Amino acid sequence: MRDSSPLRQLDRARWRMVLGLTGAMVLVYFGFIALVAYGRPILAIRVFPGLTLGILLGAVVILASWLLTWFYVWWANHHYDPQVDALNRGAE
Amino acid sequence: MIPQVSSAIGRPNTMAMAFFFGFIAITLAITWWAARRTRSTDQFYVAGRTISAGQNGFALAGDYMSAASFLGIAGLVSTTGFDGLIYSTGWLVGWPVVLFLIAEPLRNLGRYTFADVVAMRMRQTPVRIAAALGTLSTVTLYLIAQMVGAGGLIRLMFGFSYEHAIILVGLVMIGYVLFGGMIATTWVQIVKAVLLMTGALLLTLLVLLRFDLSPMRLFAAAAERYGDGVLVPGKLVSNPLDALSLGMALMFGTAGLPHILMRFYTVPDARAARTSVFVATGLIGLFYLLTFVLGFGAMVLVGPEVIQQVDRGGNMAAPLLAELLGGTPFLGFIAAVAFATILAVVAGLTLSGAATLSHDLWVNVIRKGHVGEREQLRVARVATVALGVVAVLLGITFKGQNVAFTVSLAFAIAASANFPALVLAIFWRGYTTAGAVTSMVVGTLATLVLIYLSPTIQIDVLGGDAAWFPLKNPALITMPLSFLAGIIVALLAPDPRAAAAYARVERQMHLGE
């Protein structure tokens, strides 16, 4: 059943977006965990005196979480909400 | 030679008492104010949906960051170095998932509990009972860790007896929830989040002032004193599958925690729910970044030997650091923050458990939805007192037991029972009553059975030599199992009525009511 109603299109667009972002978060975090488990020599590399790649990447995981959440909120505010509003206006 | 510890920890000190009673006085005043605004079930469960996005962001952070994350992670980093940071990141990464998959649909589809969303196009009775099983298991396991932690910490910091501490926490928490409902709980959580962030920021600043405001100097000092090993992964992650499994529980369990999910109903609409997760993720992420500095700061300035001499689990790292850098007054402040932290989490848990007992089981299963407003409210309050008493009894029963694992177990059940059912109910047209019940029951039971057979119980708790199941956390197996079981059962016995009703789910999820 292929339905191209505006609501269904909106649903698909949001579904693609959230699935992609969730996938990105999974990659970032489990990539980090995989490095912790298998990449000890890599994480021991000194980026600066006192700063190993491991600690830097730990902070990067937190920064990536922020960035992905920020990107989603930006997308939802600028692309998703206006379409929801348009559909709600049309329904009235 | 082990240095002699001279610390005010464990001796009642005036400043700690002043902060402690100050916090109780302020929060009870809030409760008194909230009680006059708590007359309907909407107000009791979800603060009349009047909490703003920013307020809810702080309250979510206050609801989520438990004493385990504040004292536990700082302690873990101070005694093991890098390994502790694995937890700092793990506790945050569930929040983007909450935002992407759960927060907005949940707000638009449900009223008080996450079972509202799962049961929406299904038969109420079986789905509500299965959801209550998952919710109550999660809440109970989480409560055990919080109560036992509370008893130990308060005894350590204020010198009360363990039982007195537990009863005090139970009574104050029942007071908040019983009289002030979600309004009081929300504001206790907001106050706690502000106190916790203030304490952590101040402590971080005081640490960094000793290192020319450079975290790298701090890390270098730690490596110089305790070897380069503290800056790289160590023994904690000996089994990669264990790390993966724990990671899954943390990442997807956050999106299935009943007390977190319930908070999304307290805001006026889905947009506010979205913004509130954004705020919460910012706060929680910032806090865990600060634990990098707090942990290594305690390692270098206080020293792991001293920290473990005061408390073998390392939980006193942050309080000891506060005493060293800010004297007894700052120690008193941090001790009060730890106390506030426990109360805010326990109140949120109890409220969500009470909502399941009264809204899911009493109203929708026993009374089939035909219940007056006054009866609902009365049942919710009876459930609150009952859960509060259960929490106190659990705390006393598990005295002296190593219960740290119950938090990760609670996350495993949330990830394996609540999360799959919620995601499938929101996103899959073909989901059915039988499928939903299967997901939740299989997820809960499989998690409980596998944790019983795991090294965590067989070796660490029961003192055996071997465990039948190799992983400490079962989420790696149980979460996919729950998804699969639910999908297979739904495919084998399709329900055309539930599928037809999905059009309404789709519409309401995006457009609101």
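Residues numbered from 1 in each chain as written. Chains lettered and ligands numbered in written order. Predicted model: local features only at pLDDT ≥ 70, side-chain atom pairs only at ≥ 80, totals over all residues. Heavy atoms only, no water.

### Quick word on the overall build of chain B
Piece 1. Counting its regular elements, chain B contains 22 helices and zero strands.
Piece 2. Taken along its principal axes, the extent of the C-alpha atoms in chain B is 75 × 50 × 40 Å.
Piece 3. Per-residue burial for chain B yields a buried fraction of 64% across its 513 residues.
Piece 4. Once local pairs closer than 6 in sequence are excluded, the contacts in chain B between residues at least 24 apart make up 84%.
Piece 5. Accessible surface computed for chain B: about 17,300 Å², of which carbon and sulfur atoms make up 66%.
Piece 6. One finds the centroid of the 31 positive side-chain charges in chain B at a distance of 10 Å from the centroid of its 22 negative side-chain charges. (Helix = DSSP H or I, 4+ residues; strand = E, 2+ residues; numbered from the N terminus. Buried < 20%, exposed > 50% of the residue type's maximum accessible area, 1.4 Å probe, protein only. Contact = heavy atoms within 4.5 Å. Areas by Shrake-Rupley, 256 points an atom, 1.4 Å probe, with all protein chains shown as cover. Lys, Arg positive; Asp, Glu negative; His and termini not counted. Charge placed at Lys NZ, Arg CZ, Asp CG, Glu CD.)

### Focus on empty space enclosed by the protein
Residues and elements named next belong to chain B.
Piece 1. Counted under the stated rule, the structure contains two cavities of 30 Å³ or more.
Piece 2. Each pocket or cavity is described by its volume, and for the largest cavity that value is around 70 Å³.
Piece 3. In this structure, the largest cavity is lined by Tyr112, Thr113, Phe114, Ala115, Thr135, Pro258, Leu261, Met262, Ser352, Ala355, Thr356 and Asp360.
Piece 4. Every element with two or more residues in the lining of the largest cavity is listed here: helix H12 (258-263) and helix H15 (317-366).
Piece 5. Of the residues forming the lining of the largest cavity, the biggest block, four residues, is contributed by H15. (1 Å grid on protein atoms, 1.4 Å probe; cavity = no way out; pocket = protein on both sides within 12 Å on 5 of 7 lines; lining within 4 Å. Points joined across faces, edges and corners; volume = space filled by probe spheres on them.)

### Quick look at the nonpolar core
Piece 1. In terms of nonpolar packing, the biggest core is built from 218 residues, with Tyr72(A), Tyr64(B), Tyr288(B), Phe296(B) and Phe419(B) touching the most fellow members.
Piece 2. Of all the elements, H15(B) adds the most residues to this core, at 24 residues.
Piece 3. Residue contacts for Tyr288(B): discarding those within four places in its chain leaves Ile62(A), Tyr64(B), Met65(B), Ser69(B), Ile73(B), Ser88(B), Trp91(B) and Leu92(B). (Core = buried A, V, L, I, M, F, W, Y, C linked by side-chain atoms within 4.5 Å.)

### Description of the packing of helix H4 (residues 67-80) of chain B against helix H5 (residues 82-90) of chain B
Each pair of packed helices can be described by the angle between their axes along with the distance between the axes.
Residues and elements named next belong to chain B.
Piece 1. Close contact between H4 and H5 brings their axes to 6 Å; oriented N to C, the two are set at 155°. One element, H4, and the other, H5, form an angle in the roughly antiparallel class. Along its contact with H4, which presents Ile73, Leu76, Val77 and Thr80, the element H5 presents Phe82, Asp83, Gly84, Leu85, Tyr87 and Ser88.
Piece 2. Grouping the amino acids of the contact of H4 with H5 by side-chain chemistry returns six nonpolar, three polar and one charged. (Axes fitted to C-alpha atoms, helices over the stretch in contact; angles between N-to-C directions. Parallel < 35°, antiparallel > 145°, perpendicular 65-115°, else oblique. Nonpolar A, V, L, I, M, F, W, Y, C, P; charged D, E, K, R; others polar.)

### Quick notes on the confidence of the model for chain B
Piece 1. Confidence in the prediction for chain B averages 91 pLDDT; 98% of positions are at 70 or higher.
Piece 2. On the interface metric, ipTM, the complex scores 0.94, and its pTM is 0.94. (pLDDT = per-residue confidence, 0-100.)

### Observations regarding the packing of aromatic side chains
Piece 1. One pass over the full model with this rule turns up 24 aromatic pairs over all chains.
Piece 2. Seen in terms of ring centroids, Phe32(A) and Phe82(B) are 6.4 Å apart; in terms of plane orientation they differ by 55°. Their pairing is tilted. Taken as a pair, Phe32(A) in helix H1 (residues 6-38) and Phe82(B) in helix H5 lie in two separate chains rather than in one.
Piece 3. Take Phe32(A): its relative accessible area is 3%, and that puts it in the buried class.
Piece 4. Members of the aromatic cluster, connected to one another through ring pairs, are Tyr64(B), Trp91(B), Trp95(B), Tyr142(B) and Phe411(B).
Piece 5. In this arrangement the basic side chain of Arg14(A) is found over the ring face of Tyr80(A), its NZ or CZ atom lying 5.8 Å from the centre.
Piece 6. Above the ring of Trp32(B), the side-chain terminus of Arg36(B) is found at 4.5 Å from the ring centroid. (Phe/Tyr/Trp six-rings, centres within 6.5 Å; stacked < 30°, edge-to-face > 60°. Lys NZ or Arg CZ within 6 Å of the ring centre and 35° of its normal.)

### Quick notes on the pattern of salt bridges
All names here are of chain B.
Piece 1. This model, assessed by the stated rule, comprises 13 salt bridges over all chains.
Piece 2. Where arginine 128 meets aspartate 116, a salt bridge forms, and the shortest distance between an N and an O atom there is 2.7 Å. Highlighted residues: arginine 128 in helix H8 (residues 124-158) and aspartate 116 in helix H7 (residues 115-118), separated in sequence by twelve residues. Take arginine 128 and aspartate 116: they sit in the same class, and that class is buried.
Piece 3. In this structure, glutamate 375 engages arginine 367 in a salt bridge whose closest nitrogen and oxygen atoms are separated by 2.8 Å. (Salt bridge = Lys/Arg side-chain N within 4 Å of Asp/Glu carboxyl O.)

### Quick word on the confidence of the model for chain A
Piece 1. A residue-level look at chain A finds 95% of positions with pLDDT of 70 or above and a mean pLDDT of 91.
Piece 2. When mean pLDDT is compared element by element in chain A, helix H3 (residues 53-91) of chain A scores highest at 94, while strand E1 (residues 46-48) of chain A scores lowest at 88.

### Some details on the side chain of Gln376(B)
Residues and elements named next belong to chain B.
Piece 1. Summarising the element assignment, glutamine 376 is placed in helix H16 (residues 373-397).
Piece 2. Classification of glutamine 376 by relative accessible area gives buried; the value is 12%.
Piece 3. Beyond its immediate stretch of four places on either side in the chain, glutamine 376 contacts Thr41, Tyr45, Val363 and Val371.

### Observations regarding the interface of chain B and chain A
Piece 1. At the junction of the two partners, chain B supplies 48 residues and chain A supplies 50 residues.
Piece 2. Taken together, the two surfaces of chain B and chain A that pack against each other cover about 4,500 Å², and 73% of this comes from carbon and sulfur.
Piece 3. Interface area lost by chain B to chain A is led by Phe100(B), Arg274(B) and His510(B), which between them contribute 17%.
Piece 4. Where Asp81(A) meets Arg274(B), a salt bridge forms, and the shortest distance between an N and an O atom there is 2.8 Å.
Piece 5. Taken together, the connections running from chain B to chain A amount to 14 residue pairs in polar contact (both at pLDDT 80 or more).
Piece 6. Elements that contribute at least two residues to the side of chain B that touches chain A include exactly H5, helix H6 (94-109), helix H10 (215-226), helix H11 (240-253), helix H13 (270-302) and helix H22 (502-511) of chain B.
Piece 7. At eleven residues, H13(B) tops the list of elements feeding residues into the side of chain B that touches chain A. (Buried area = accessible area lost by both parts, 1.4 Å probe. Polar contact = N/O pair within 3.5 Å; in protein donor to acceptor, adjacent residues only side chain to side chain.)

### As for the side chain of Asp360(B)
Residues and elements named next belong to chain B.
Piece 1. Summarising the element assignment, aspartate 360 is placed in helix H15.
Piece 2. Among the polar contacts listed, one links the side chain of aspartate 360 to the side chain of threonine 113, at a separation of 2.9 Å.
Piece 3. Side chain to side chain, aspartate 360 and arginine 128 meet in a polar contact 2.6 Å long.

### Brief notes about the packing of H11(B) against helix H20 (residues 475-492) of chain B
Residue and element names in this part refer to chain B.
Piece 1. One can describe the packing of H11 onto H20 by two numbers: an axis separation of 8 Å at closest approach and a directional angle of 50°. Classified by the angle their axes make, H11 and H20 are oblique. Between H11, through Leu241, Leu244, Ser245, Met248, Ala249 and Phe252, and H20, the contact on the second element is made entirely by Ala475, Leu476, Met479 and Pro480.
Piece 2. Residues that form the contact of H11 with H20 fall into these classes: nine nonpolar, one polar and no charged.

### Remarks on a nonpolar patch on the surface
Piece 1. Residues Val47(A), Phe48(A), Leu56(A) and Val60(A) make up a contiguous nonpolar surface patch of about 290 Å² in total accessible area.
Piece 2. Of all the elements in the fold, those that place two or more residues in the nonpolar patch are E1 and H3 of chain A. (Patch = residues over 30% accessible without salt bridge, like charges linked within 9 Å, V, L, I, M, F, W, Y side chains within 5 Å.)

### Here we look at helix H3 (residues 53-64) of chain B
All names here are of chain B.
Piece 1. Over its twelve residues, H3 runs 16 Å from end to end, which matches the ideal 16 Å to within 8%, given 1.5 Å per residue.
Piece 2. Across the twelve residues of H3, nine count as buried, placing the element largely inside the fold.
Piece 3. Buried within H3 we find Ala53, Asn56, Gly57, Ala59, Leu60, Ala61, Gly62, Asp63 and Tyr64. (Expected span 1.5 Å × (residues − 1).)

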